[in-house]
Amino acid sequence: GLTLDLQRWGDPDLVESDDIKASLYLRGDAVTVGLLAERREIDLTFSVTGVGGDVFSRTVGFKADGWGLRFSAKPVQNWRFFVSGRKYDYSADLAVLPRIQLVDLLFASTLTLANSLVEFETSVGVERTFGNHAVFLNYGRDRSAVDRTFLESLDVGFLFPAGPRVDLELIFGISDSDDFGSETFGGVYFFIYGG
């Protein structure tokens, strides 16, 4: 099988990202193995106040390519266990970006929470299905490509049908980082199936 995921997020005055993700997978009765690929095009805008009080804005654009693997297994009916990992290579050395206060704050909040500038990301989880409904628990650990700090997260999700070819997924979680401490987050996903 093949999956394709397109994303656009951000704030044009701070950071914007256009992401394309794809996976190619082989699925058996009890085991699925997938190859993961991703391309990110990121624009980071920051402002610096000069000696005379003039404000200078600059936008830095760069790309990131991510490659990884995903493995899942169904050892018994209605249960699935999965693990995945992805490594990113950037077109720019992110460790030399300006370390002004605004950029530090941006890295510690927006970029880290959005999983945008990570060197690698790993996750492990479990899922339990109940007919056409599912509940999952996921633990993730990422490392920043900017300052090499770690972000750990734990989230729970609920997947249920919203129509004949549409599923709705709700996610709630908590993350913890050396930079900004603990944060809570949530998300809503729509899955539309063809065929």
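Reading guide: rules and limits
- Residues numbered from 1 in each chain as written.
- Predicted model: local features only at pLDDT ≥ 70, side-chain atom pairs only at ≥ 80, totals over all residues.
- Heavy atoms only, no water.
- Patch = residues over 30% accessible without salt bridge, like charges linked within 9 Å, V, L, I, M, F, W, Y side chains within 5 Å.
- Areas by Shrake-Rupley, 256 points an atom, 1.4 Å probe, with all protein chains shown as cover.
- Salt bridge = Lys/Arg side-chain N within 4 Å of Asp/Glu carboxyl O.
- Lys, Arg positive; Asp, Glu negative; His and termini not counted.
- Charge placed at Lys NZ, Arg CZ, Asp CG, Glu CD.
- Helix = DSSP H or I, 4+ residues; strand = E, 2+ residues; numbered from the N terminus.
- Buried < 20%, exposed > 50% of the residue type's maximum accessible area, 1.4 Å probe, protein only.
- Pairing = 2+ DSSP bridges.
- Axes fitted to C-alpha atoms, helices over the stretch in contact; angles between N-to-C directions.
- Phe/Tyr/Trp six-rings, centres within 6.5 Å; stacked < 30°, edge-to-face > 60°.
- Lys NZ or Arg CZ within 6 Å of the ring centre and 35° of its normal.

Engineer: Teacher, can you tell me more about a negative patch on the surface here?
Structural biologist: Together, Asp11, Asp13, Glu16, Glu41 and Asp43 make up a region of like negative charge exposed at the surface. Take Asp43: it is sitting in strand β3 (residues 31-49). On the basis of relative accessible area, Asp43 is assigned to the partly exposed category, the value being 37%.

Engineer: Which parts of the structure should I look at to understand the pattern of salt bridges?
Structural biologist: Opposite charge on two side chains permits pairing when their charged atoms draw close. Here the structure, examined in full by the defined rule, presents 11 salt bridges. Asp65 serves as the salt-bridge partner of Arg39, at 2.5 Å between the closest nitrogen and oxygen. Of this pair, Arg39 sits in strand β3 while Asp65 sits in strand β4 (residues 55-73), placing them 26 residues apart in sequence. The class of Arg39 is partly exposed, set by a relative accessible area of 31%. Between Arg141 and Glu152 there is a salt bridge; the shortest N-O distance is 3.7 Å. In this pair, Arg141 sits in strand β7 (residues 133-144) while Glu152 sits in strand β8 (residues 150-163), placing the two residues 11 residues apart along the sequence. Taking relative accessible area as the criterion, Glu152 reaches 34% and is therefore assigned partly exposed. Through salt bridges with shared partners, one network takes in Asp19, Glu38, Arg40, Arg86 and Glu121.

Engineer: Can you help me understand the sheet that holds strand β6 (residues 118-130) in this one?
Structural biologist: Paired through backbone hydrogen bonds, the strands of a sheet run either parallel or antiparallel to each other. The strand order β1-β2-β3-β4-β5-β6-β7-β8-β9-β10 describes an open sheet built from 10 strands, whose pairing is antiparallel. Looking at which strands have only one partner, the edges of the open sheet turn out to be β1 (2-11) and β10 (181-192). Averaged over all adjacent pairs, the angle separating strand axes in this sheet is 15 degrees, with direction ignored. In this structure, β3 lies alongside β4, joined through 19 bridges in antiparallel fashion. The residue bridging Glu38 from the neighbouring strand is Gly66, located in β4.

Engineer: Looking at this structure, how should I read the environment of Phe172?
Structural biologist: Mapped onto the fold, Phe172 is located in strand β9 (residues 166-177). The class for Phe172 is partly exposed, based on a relative accessible area of 46%.

Engineer: Looking at this structure, how should I read unusual backbone geometry?
Structural biologist: Working note: non-glycine residues mostly have negative phi, and peptide bonds are mostly trans. In the Ramachandran plot, Asn78 falls in the positive-phi region, its phi being about 75 degrees despite a non-glycine side chain. As for its position among the elements, Asn78 is in the loop between β4 and β5 (79-90).

Engineer: I'm lost on the packing of aromatic side chains in this one. Help?
Structural biologist: The way to describe two aromatic rings as a pair is by their centre distance and the angle between their planes. A full pass over the atoms with the stated rule returns three aromatic pairs. Directly above the ring of Phe150 sits Arg141, whose terminal nitrogen or CZ lies 3.9 Å from the centroid.

Bear in mind that shape data such as this cannot, by itself, settle questions of function.
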